[in-house]
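Structural characterization, general
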Amino acid sequence: FLRSSEQKITTDMLHYAARLDDMDKSLADFPELSIYEKFYGLKRSDLGVYALVGQEIAGAAWVRLLKEHDAPNAYVDEVTPILTIGVKPKFRGQGIGSVILEQLLQEAGALYDQMSVSVMHESPAVKFYDRFGFTPVDSSEKKSPTDGSDVFTMIKKLQRQEVKRPSDGYDASYWMD
């Protein structure tokens, strides 16, 4: 789980979520993106998970409640958090994004009724989110702050259910003397 002390993870992964690596740009080039990571974890509404491969952070997904005046893409209302997900290029295509999103959907379902995400038209991400039950929001077209491409909002209704974590059922005493 992402904690406030790990805000650097959200900063690093936002770089990949916004595909700045593809444009050879940095977050400093797009200060308007800071709303998705700045002071992450200081609000009780911030929720996120990350994946480790070996000792390296491979990807992360998190949600934040943002205000309309922040002008975020994927804004629906003040009770719908906005999803950000990023996976480092060398780990893409290995199912890491799916695993972290599955876990985040379970965790978020304990707190929220739905979440939203901004997606580029004609992007493979549309099919990715569709597989998880995200649906397009009518009249939600905007422009990407990074390259001006057309984006739209997708929303996922969450099910209230008991959270099952990968560590559930693990008995540490089994490994102790």
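Just above sits the structure.
As a starting point, this report considers the structure included with it. Numbering of residues starts from 1 in every chain and runs along the sequence as written. Only residues with pLDDT of at least 70 are given local features in this predicted model, and only at 80 or more are side-chain atom pairs given and counted; all residues enter the totals for whole chains, interfaces and linings. Values reported for side chains reflect all heavy atoms of the structure, with hydrogen atoms and water molecules removed beforehand.

A word on the overall build of the protein. Looking only at helices and strands, the protein features 4 helices and 7 strands. Helix numbers and strand numbers start at the N terminus; a helix is a DSSP run of H or I with at least 4 residues, a strand a run of E with at least 2. Listing every helix and strand of the protein by position from the N terminus yields α-α-β-β-β-α-β-α-β-β-β. Relative to the compact-globule value of 16 Å for 177 residues, the protein shows a C-alpha radius of gyration of 16 Å, a close match. For the C-alpha atoms alone, the extent of the protein along its principal axes is close to 60 × 35 × 30 Å. For the protein, buried positions account for 44% of its 177 residues. Of the contacts formed within the protein by residues at least 6 apart in sequence, a portion of 66% connects residues at least 24 apart. The Shrake-Rupley method, run with a 1.4 Å probe sphere, supplies the accessible areas, and residue values consider only the shown protein chains as cover. Carbon together with sulfur atoms contributes 51% to the accessible area of the protein, which is approximately 10,400 Å² in total. Counting 21 positive and 27 negative side-chain charges, the protein places the centres of these two groups 1 Å from one another. C-alpha atoms define the radius of gyration in this analysis, and the globule rule sets the expected value at 2.2 Å times the number of residues to the power 0.38. Relative accessibility decides the category of a residue: with a 1.4 Å probe and only protein chains considered, values under 20% of the type maximum give buried, values over 50% give exposed, and everything between is partly exposed. By the convention used here, residues are in contact when the closest approach between their heavy atoms is within 4.5 Å. Two residue types count as positive, namely Lys and Arg, and two as negative, namely Asp and Glu; His and chain ends fall outside the count. Here the site of a charge means NZ on Lys, CZ on Arg, CG on Asp, or CD on Glu.

Next up on the list: the side chain of Ser-116. Looking at where Ser-116 falls in the secondary structure, it is placed in strand S4 (residues 114–120). Once you skip the residues sitting within four places of it in the chain, Ser-116 turns out to touch Ala-74, Val-76, Thr-80, Pro-81, Ile-82, Leu-83, Thr-153, Met-154 and Ile-155.

So, on to the pairing of strand S3 (residues 82–87). A large share of S3 lies buried, amounting to 6 of its 6 residues. Alternating positions in S3 separate into two faces, Ile-82, Thr-84 and Gly-86 on one and Leu-83, Ile-85 and Val-87 on the other, with burial throughout. Strand direction decides the pairing type here: strand S2 (residues 56–64) and S3, joined by 6 bridges, are antiparallel. Residue Trp-62 lies in a different strand from S3, and its bridge partner there is Thr-84. The pairing criterion for strands is at least two bridges between them, as found by DSSP.

With a phi close to 55°, Asp-24 is a non-glycine residue in the positive phi region. Considering the arrangement of structural elements, one finds Asp-24 in the loop between helix H2 (20–23) and strand S1 (47–53). Under the relative-accessibility criterion, Asp-24 is labelled exposed at 73%. Backbone geometry places Ala-71, a non-glycine residue, at a positive phi of 55°. Along the chain, Ala-71 turns up in the loop between S2 and S3.

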